[in-house]
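In case you want the letters, here they are:
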Amino acid sequence: MLGIESSCDETAAAVLCSDAGLLSNIVASQDAAHAPYGGVVPEIAARAHMSKIDAIIDRAVQDSGLTYSDLTGIAATSGPGLIGGVITGLMAAKGLALSLNKPLIAINHLEGHAVSPRLTEDCAFPYLLLLVSGGHSQLLSVNGLGDYTRLGSTIDDAAGEAFDKTAKVMGLGFPGGPNVERWAAKGDDHAVKLPRPLLDRDSCDFSFAGLKTAVARAYVASDGSDTAKANLAASFQRAIADCLNDRVARAMTQFAEGRDGPYRFVVAGGVAANATLRDGLKSVAAERGFDAIFPPLRFCGDNAAMIAQAGLERLQAGHVDPLNAPARPRWPLDAEAAKQAPASGAGRKGPKS
């Protein structure tokens, strides 16, 4: 299975074999292009994908030791994401599928994250998933491939977005998440009093917009020194951890109701690479009898290996897509819940979650 990922600012391709495992995994970052702006610029991202996609795919196939004719199927992210990038990868996949006469599998990027631990571990369904990335903060019951139940989601901004905004406010550089984590390691996480939105409420939903605002105000009120930056970064990271731990504990109670163990808890998405957050979530899982499973760091951020994994599982289950499969800027995993009760509102593009 050839997997192609281009939903945000990573141009990636990978080849995965059901028998031999991951044969290649190429990721081209756009960090340098977006760094001057402190965040991802959609137009720049789309143009970068267009300039790189052919070479990245070709390198992935070459590094796998296979030829294009050896491929069984072509899987590509079909959404959600920045639409210019999604279209670029999906059209490349459609062209290959048509020319090679191979099946196309259009993948929900979030499903790629959901099945990413299955790249390296025997992670059987069902399991509780915390998906934390730049665009999404969700808690889902993963009942099986394509079968998801939303337990909680962000009502405004995602955790990863809050990390990036915090880094931008303090001038820590892009990408924001890793830089905030590095500065936080030098600070006092009790130095700055920050809010914990929705903490202790009887819900599994998240909210980080108010925390972003509080960080910005705290930084303006500080002296801007390195010590102030480190303390604010540490205090912000602690606030995020407290919110995640509280929401996850509640979701674990919901997930375990009516189910027999063993209980598995998976954390996926770019924010899952944060060591402090990982440690806290591992403790919550241990206290409640859940096995905590984290994908290796190279599979936490956007990558094509997880898209190939989702594509392989879908093909094995008999799911293929027509060549007119659409590119989607929004594509909730639990579509029914998003339609009936959108967590963050629904606009012209539809509900986000």
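I will try to describe carefully the structure that is included in this document. (Residues numbered from 1 in each chain as written. Predicted model: local features only at pLDDT ≥ 70, side-chain atom pairs only at ≥ 80, totals over all residues. Heavy atoms only, no water.)

This paragraph deals with the sheet that holds strand 7 (residues 137-144). Read from one edge to the other, the open sheet built from 5 strands follows the order 8-7-6-9-10, with strand pairing classed as mixed. Each edge of the open sheet carries a strand with a single partner, namely strand 8 (147-153) and strand 10 (290-293). Across the sheet, the mean angle from the axis of one strand to that of its neighbour is 25 degrees, orientation sign disregarded. Where strand 7 lies against strand 8, 6 bridges are found, and the strand directions are antiparallel. Paired with V142 across the strands is Y148, a residue of strand 8. (Pairing = 2+ DSSP bridges. Helix = DSSP H or I, 4+ residues; strand = E, 2+ residues; numbered from the N terminus. Axes fitted to C-alpha atoms, helices over the stretch in contact; angles between N-to-C directions.)

We now examine the pairing of strand 9 (residues 263-268). Counting buried positions along strand 9 gives 6 out of 6 residues, so the element sits mostly inside the fold. Neither face of strand 9 is left uncovered, since the one carrying Y263, F265 and V267 and the one carrying R264, V266 and A268 both have all their residues buried. Summarising the sheet, strand 6 (residues 127-132) and strand 9 pair through 4 bridges and their orientation is parallel. The residue bridging L131 from the neighbouring strand is A268, located in strand 9. The β-α-β motif built from strand 9, the intervening helix 9 (residues 275-287) and the parallel element strand 10 has right-handed crossover chirality. (Buried < 20%, exposed > 50% of the residue type's maximum accessible area, 1.4 Å probe, protein only. Right-handed = clockwise from strand over helix to strand, strands pointing away.)

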